[in-house]
Amino acid sequence: MNGVHDMGGMQGLGHIEPEPEGIVFHAAWEGRVHAMSLASPTRSNIDAGRHQRELIPGPEYLRMSYYEKWFRSLSERLLELGLVTAEEFAAGRPAPGAVKGTPRLTADAVESTLSRTGSYIREGTPPQFAPGDTVRARNIHPEGHTRLPRYARGRTGVVERLHGAHVFPDSHAHGLGEDPRPLYTVSFAARELWGEAADPRDSVRLDLWEPYLERA
């Protein structure tokens, strides 16, 4: 979907302010939100979580900090899936007699779980493209979730690498299954994306799923 979250190539949003190395959280509550997100049953579908953040109205999204967006989307997903009620949220505690769920991630399993490398690689259809092929990012404007940034749509690049088939976020985010599709690294010349004012030596590399691409 097209929204303020897709900020690549947009102007007027101010300078990027680099932070000193090692700063993970700016306040203790941010660490708690991060932990809750990892331990939540909603973590089984991170694409749906990303889409939930995209649904935050633009003016609110721009006012929020990073972890405020995480907390908002986590809260709304828990309510949407019926894992908590609005009354429980308001009270900050389970309703009397509510069935206690089994934690997805217990304290003693945190270190081992987060130390394992997860993978979205799956068996999928044979790839249509190969390294060296010239491709064009399709000019699509879906109403749902997509990982194809607006600034690349309609632009031509070259396939640099095939990563095998991966879970397709445009399907997974909406409960339509994993729908694995080939995933490629595509290189775009900066001038192809930004025009003649861009440095001719620069380029941008994007990991793009096959349904985003067509042969140029």
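Let me sum up the structure you'll find in this document. (Residues numbered from 1 in each chain as written. Predicted model: local features only at pLDDT ≥ 70, side-chain atom pairs only at ≥ 80, totals over all residues. Heavy atoms only, no water.)

Looking at the side chain of Gln52
Piece 1. Inspection of the secondary structure assignment puts Gln52 in helix H2 (residues 46–54).
Piece 2. Residues within four places of Gln52 in sequence aside, it is in contact with Ser73, Glu76, Arg77 and Glu80. (Helix = DSSP H or I, 4+ residues; strand = E, 2+ residues; numbered from the N terminus. Contact = heavy atoms within 4.5 Å.)

Notes on the layout of surface pockets
Piece 1. Empty space within the largest pocket amounts to approximately 990 Å³.
Piece 2. The wall of the largest pocket is formed by 24 residues, among which Ser40, Pro41, Leu78, Leu83 and Val84 lie closest to the centre.
Piece 3. Among the residues making up the lining of the largest pocket, the classes are represented as 15 nonpolar, five polar and four charged.
Piece 4. Taken as a whole, the second largest pocket holds about 830 Å³ of empty space.
Piece 5. Every residue lining the second largest pocket is counted, 30 residues in all, and those nearest its centre are Arg50, Glu54, His145, Thr146 and Arg147.
Piece 6. The set of elements that each furnish at least two residues to the lining of the second largest pocket consists of H2, helix H4 (66–80) and strand E5 (203–209).
Piece 7. The biggest single contributor to the lining of the second largest pocket is H2, with five residues. (1 Å grid on protein atoms, 1.4 Å probe; cavity = no way out; pocket = protein on both sides within 12 Å on 5 of 7 lines; lining within 4 Å. Points joined across faces, edges and corners; volume = space filled by probe spheres on them. Nonpolar A, V, L, I, M, F, W, Y, C, P; charged D, E, K, R; others polar.)

A word on the nonpolar core
Nonpolar side chains in soluble globular proteins generally cluster together in the buried interior.
Piece 1. Ranked by internal contacts, the top residues of the largest apolar core, which has 19 residues, are Leu148, Val186, Phe188, Leu208, Tyr212 and Leu213.
Piece 2. Where this core is concerned, the elements lending two or more residues are strand E2 (134–137), strand E4 (181–189) and E5.
Piece 3. Ranked by residues supplied to this core, first place goes to E4 with four residues.
Piece 4. The residues contacting Leu213, other than those within four sequence positions of it, are Phe129, Val135, Arg136, Ala137, Arg138, Tyr184, Val186 and Leu208. (Core = buried A, V, L, I, M, F, W, Y, C linked by side-chain atoms within 4.5 Å. Buried < 20%, exposed > 50% of the residue type's maximum accessible area, 1.4 Å probe, protein only.)

A short note on a nonpolar patch on the surface
Piece 1. A cluster of nonpolar side chains, Met7, Met10, Leu13 and Leu62, forms an exposed patch at the surface whose accessible area comes to about 350 Å².
Piece 2. Mapping Met10 onto the fold places it in the segment before helix H1 (28–39). (Patch = residues over 30% accessible without salt bridge, like charges linked within 9 Å, V, L, I, M, F, W, Y side chains within 5 Å. Areas by Shrake-Rupley, 256 points an atom, 1.4 Å probe, with all protein chains shown as cover. Salt bridge = Lys/Arg side-chain N within 4 Å of Asp/Glu carboxyl O.)

Concerning the packing of aromatic side chains
Piece 1. In the structure shown here, the tally under the stated rule is nine aromatic pairs.
Piece 2. Ring geometry for Phe168 versus Tyr212: centroids 5.7 Å apart, planes at 50°, classification tilted. Taken together, the residues span a long stretch of sequence, with Phe168 in the loop between strand E3 (156–166) and helix H7 (169–172) and Tyr212 in the loop between E5 and strand E6 (213–215) at a distance of 44 residues.
Piece 3. For Phe168, a relative accessible area of 7% puts it in the buried group.
Piece 4. Tyr212 gets classed as buried once you look at its relative accessible area, which sits at 1%.
Piece 5. The rings of Phe25, Tyr66, Tyr67 and Trp70 are connected pair by pair, giving a single aromatic cluster.
Piece 6. The ring centre of Tyr120 lies 5.8 Å from the NZ or CZ of Arg122, which sits over that ring.
Piece 7. In this arrangement the basic side chain of Arg181 is found over the ring face of Phe168, its NZ or CZ atom lying 5.4 Å from the centre. (Phe/Tyr/Trp six-rings, centres within 6.5 Å; stacked < 30°, edge-to-face > 60°. Lys NZ or Arg CZ within 6 Å of the ring centre and 35° of its normal.)

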